[in-house]
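Residues per chain are reported as follows:
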Amino acid sequence: MSVHGAHGPGGERGHASVRTYITVAVILAIVTALEFGVIYIRQLTPILVPLLLVMSAAKFALVALFFMHLRYDARTLSTLFVGPLVIAAALGISLITMAGAFLVFGR
Amino acid sequence: MSDAPYAGAPPAPAIAHPHGGLAARAAAVGSWLTTVDHKRIGILYGVSGFAFFLLGGAEALLIRLQLARPGSAVVDAGTFNALFTMHGTTMVFLAVMPFSAAFFNYLVPLMIGARDVAFPRLNALSFWIFLAGGLLLNASFLAGAPPDAGWFGYANLTSRRFSPGPSIDFWALSLQVLGASSLIAAVNFIVTILNLRAPGMTLMRMPVFVWMTLVVQFLILLAFPPITVGLIFLTFDRFFGTHFYDVAAGGDLHLWQHLFWIFGHPEVYILILPAFGIVSEVLPVFAGKPLFGAPVVIYSGILIGFFGFGVWSHHMFAAGMGPVADAAFSIGTMLIAIPTGVKIFNWLATLWGGAIRATTALHFAAGLIAMFTIGGLSGVMHASPPVDLQQTDSYFVVAHLHYVLIGGSLFGLFAGAYYWWPKITGRLLDERRGRWNFWVLFVAFNLAFFPQHYLGAIGMPRRIYTYRAGAGWEFWNLMSTVGAFGIAAGVVLFAANAVGSLRRGARAPADPWDGRTLEWRTSSPPPPHNFDEVPVVHGRDSFWREKYPGRRAAAPPRPAAAPAHGGGHEQVHLPAPSVWPIALALGLGVAVAGALVHVAVVVLGALLALAAAFRFALEHHDDPAHVDQRGSLGIDHRKVAIWTFIGSECLFFGTLIASYMAYRGRSVVGPYPAEILNIPLTTLSTFDLLMSSLLMVLALAAVQRGDHAQTRLWLAGTALFGLVFLGFQAYEFTHFVAEGLTLQQNLFGSTFFVLTGFHGAHVALGVIWLLSLLVLELRGRLGPRDAMKVEVAGLYWHFVDIVWIVIFTLVYLVP
């Protein structure tokens, strides 16, 4: 994966090359097509939800790492993003679970 | 989009001669309206916060007058409801928070050795938006419709059915405005603290007050989005007939309680941690010792902030969440007492064996330790669900929260006021009056609120406007009222002391208390540029080390001062005053208030806000001083700011998506998702948005190369792909409406349109941003030196893209 430039003053390295960007975009397009395709394959029904979540997470990570340059930028910026993301995910999962908790555990 | 802190001409002197003409007075007023100086903005927060504090205090006195005797008719039940609602809302959002903001604004840049905050104009914008929100909330009195559903605004008491007038609209809309102010300030202060520290000031060398400020800004950043979403749902329910809090349509009233308390509990720490930071500065100075275990105090503050996100449901034990949730939140709540207790013991250890100087500031700091301990212990009692069930909705809870917020927050803020008053005004407060102030407040506060523990324990419910004689509540209610008026007397004593100091107080030297931190290194009050030379920091308590180099074996030699951005005093550039922050806030305020009047007012305000936003963004576009905004992290302020903002957006969209997921399958009527969602079409729009991200990075690469033709091509392409996505969404929405799915049709319609609609609004905002950059490029005003502006826009664009990746999967694909 080639990059432009050397390390910046804030621990940043140069961003990805145009070729890398295009490669990432092609992968994103393919994964999107796969997401669309797998929902019509009946044999995949038992693992469909985790499969979709993994593919979605992969796309999310590709955009964040390459297009948003987190792979190349200072770790502080990753922390500013990943910290709130983890808290958002934890709160979201708690909220969804508790919305159904009345059914699972009873009042 | 943003502004550098050191650019522009120094502001003209703004102090009017007491006998000066009208023009001089107008100039003085104008200089305050357009100021971007963090110190003046701090004073504005302090003064306006004090005005709202008096208003909230007057409301409290009316409440206590009504309850002083059984069967009173000072106010009727409806007025009483409005009084306790406005008292709580005012004290939380318009008094204690702005008091803390006053200290953040005035002191943080001084304490970290900076000349201002990272974004001075955004700082001014935060203040004016805050003021607009506060005025809007209190305009409800003028409209004869003050909010009356409690500061917690529980659904469905807030629904149009049970609150038909505009009172709740005032409340919901003004809280949204106030939230916007807090979020902007949070981003600004996070960037300031991370990126504007003086040379040598590592994170662990920062004063504890600065650390607590940082923790509080992250709490605001992450806790306000969930309440923003909750308020959006409420506003949509009231204005557009959606069903978020409509049980008959499948909605769940607990959703509001969750969203409110996910915000509400961290809010407690937003209110108390600044006071903890103040006390951690005051105690070492007046004990003549370093803060005992300072790193542990810092880590405890961080832990309190972190745990604060995991305990919200202890406010909902009485809602019936089930044993597992009760147990989990009970344990979490008990855990949070540990770092809090650590702080208290560290403060006591700081005092132990110290050379105590019993100043008024120290009195208030010690008062906080004692009073907050009482409030904290009653808080631990609430952590036990069976005990909590007995205390819920009783006066015991009222006593607890006032021991935390007056005994804790307000005592800490008074300690800070007495400690930093000489620095801010250049004059000393009278210490004898100060001690009277403390003791009157201390005795009156305990008289007002300690009996309420007992009243709660013997069964007096909160929020009742009267009671019958014979329940055994009469005497202690009367005592509580006497105490409340005593608190008012204490506040009057403070005001008298402050006015006396301003008129004839003794002049304060730069360092009247033998302080330990950098703000005491400069004059009182500080010059507009704060420091003639930016100090170099060699350790914690850096100014103390500088003054007493021989006191520590390993103390470094007296540090050399660093030149201020390459020059000394004469070469310092200060941020220029700007009219656009107040104009933008005015537009925003008019637009929001317009929702209560007429849609034309909304449009007018929005147009004003949009125009002001453009002028704001372009004000310094061509100024070379604003090109390089790298700070102590070596990263551009704007880049740190956009990532910080994106962190907040994670919580915003996370809450929207979680609410959608929580409501999946709960619609009681169709159409249902499986009947109506067009997955092939949405796959195409998803592909379109993903490819727009590719064009965006190509635009950034082109602008970095200085390739104007490619920059135009890819910027236009990105905006075009964004417009195509919006076109897909417009088609989808139109089709759904034609099929019978509207906002009002069912719960699915409500959640789907609000979630995807807000995402679409973000895309639309991104398109406007990109088109603005394109116009600049077409006018030849976008070159390689502006690459950061394109990168920041790009980061926002990509974030909107990854949010859609999640929405596409969870809303459309997951069966």
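Every value quoted in this text rests on a predicted model; they were computed, and no experiment measured them. (Residues numbered from 1 in each chain as written. Chains lettered and ligands numbered in written order. Predicted model: local features only at pLDDT ≥ 70, side-chain atom pairs only at ≥ 80, totals over all residues.)

## Looking at the packing of helix α7 (residues 253-287) of chain B against helix α8 (residues 294-307) of chain B
Residue and element names in this part refer to chain B.
Here is step 1 of the chain: It is the contact of α7 with α8, at a shortest axis distance of 11 Å, that shows an interaxial angle of 175°. By the angle between their axes, α7 is roughly antiparallel relative to α8. Facing Tyr 269, Leu 273, Phe 276 and Ser 280 of α7, the residues of α8 in contact are Val 297, Gly 301, Ile 304 and Gly 305. (Axes fitted to C-alpha atoms, helices over the stretch in contact; angles between N-to-C directions. Helix = DSSP H or I, 4+ residues; strand = E, 2+ residues; numbered from the N terminus. Parallel < 35°, antiparallel > 145°, perpendicular 65-115°, else oblique. Contact = placed C-beta atoms within 7 Å.)

## What about the confidence of the model for chain B?
Residues and elements named next belong to chain B.
Here is step 1 of the chain: In the predicted model, chain B carries a mean pLDDT of 93, and 95% of its residues have values of at least 70.
Here is step 2 of the chain: Contacts for the low-pLDDT stretch residues 1-16, under 50 throughout, to residues beyond four places or in other chains number 56 contacts.
Here is step 3 of the chain: Contacts from residues 553-570, a stretch scored under 50 in pLDDT, to residues over four places away or in other chains number 31 contacts.
Here is step 4 of the chain: Across the whole predicted complex the pTM is 0.94, and at the interface the ipTM reaches 0.91. (pLDDT = per-residue confidence, 0-100.)

## Overview of helix α23 (residues 787-813) of chain B
All names here are of chain B.
Here is step 1 of the chain: Over its 27 residues, α23 extends 37 Å from the first C-alpha to the last, a length consistent with the 39 Å expected when each residue adds 1.5 Å.
Here is step 2 of the chain: Approximately 25° is the largest bend angle found in α23, and it occurs at Ile 807.
Here is step 3 of the chain: Among the 27 residues in α23, 25 count as buried, and that is most of the element. (Expected span 1.5 Å × (residues − 1). Bend = angle between axes of the 7 residues up to and from the residue. Buried ≥ 20, exposed ≤ 12 C-beta atoms within 10 Å, placed from the backbone.)

## A word on the nonpolar core
Here is step 1 of the chain: Judged by nonpolar contacts, the single largest core of 292 residues is most densely connected at B:Val282 and B:Ala415.
Here is step 2 of the chain: The residues touching B:Val282, leaving out its near neighbours within four places in the chain, are B:Ala361, B:Leu362, B:Ala365, B:Ala415 and B:Tyr419. (Core = buried A, V, L, I, M, F, W, Y, C linked by C-beta atoms within 7 Å.)

## So, unusual backbone geometry
Note: most peptide bonds trans; most residues except glycine with negative phi.
Here is step 1 of the chain: Cis geometry is found at the peptide bond from B:Ala155 to B:Asn156, where omega equals 0°.
Here is step 2 of the chain: Although it is not a glycine, A:His69 sits at a positive phi angle of roughly 70°.
Here is step 3 of the chain: Residue placement: A:His69 occurs in the loop between α2 (48-67) and α3 (75-105).
Here is step 4 of the chain: With a phi angle near 65°, B:Arg463 is a residue other than glycine that sits in the positive phi range.
Here is step 5 of the chain: With respect to the element layout, B:Arg463 can be found in the loop between α13 (431-457) and α14 (474-504).

## Some remarks on the domain arrangement of chain B
Residue and element names in this part refer to chain B.
Here is step 1 of the chain: What the domain assignment lists for chain B is domain 1 (41-518) and domain 2 (664-815).
Here is step 2 of the chain: Of the residues lining the interface, ten residues belong to domain 1; the matching set on domain 2 comes to nine residues.
Here is step 3 of the chain: Partitioning the side of domain 1 that touches domain 2 into residue classes produces five nonpolar, five polar and no charged. (Domains from an automatic or database assignment. Nonpolar A, V, L, I, M, F, W, Y, C, P; charged D, E, K, R; others polar.)

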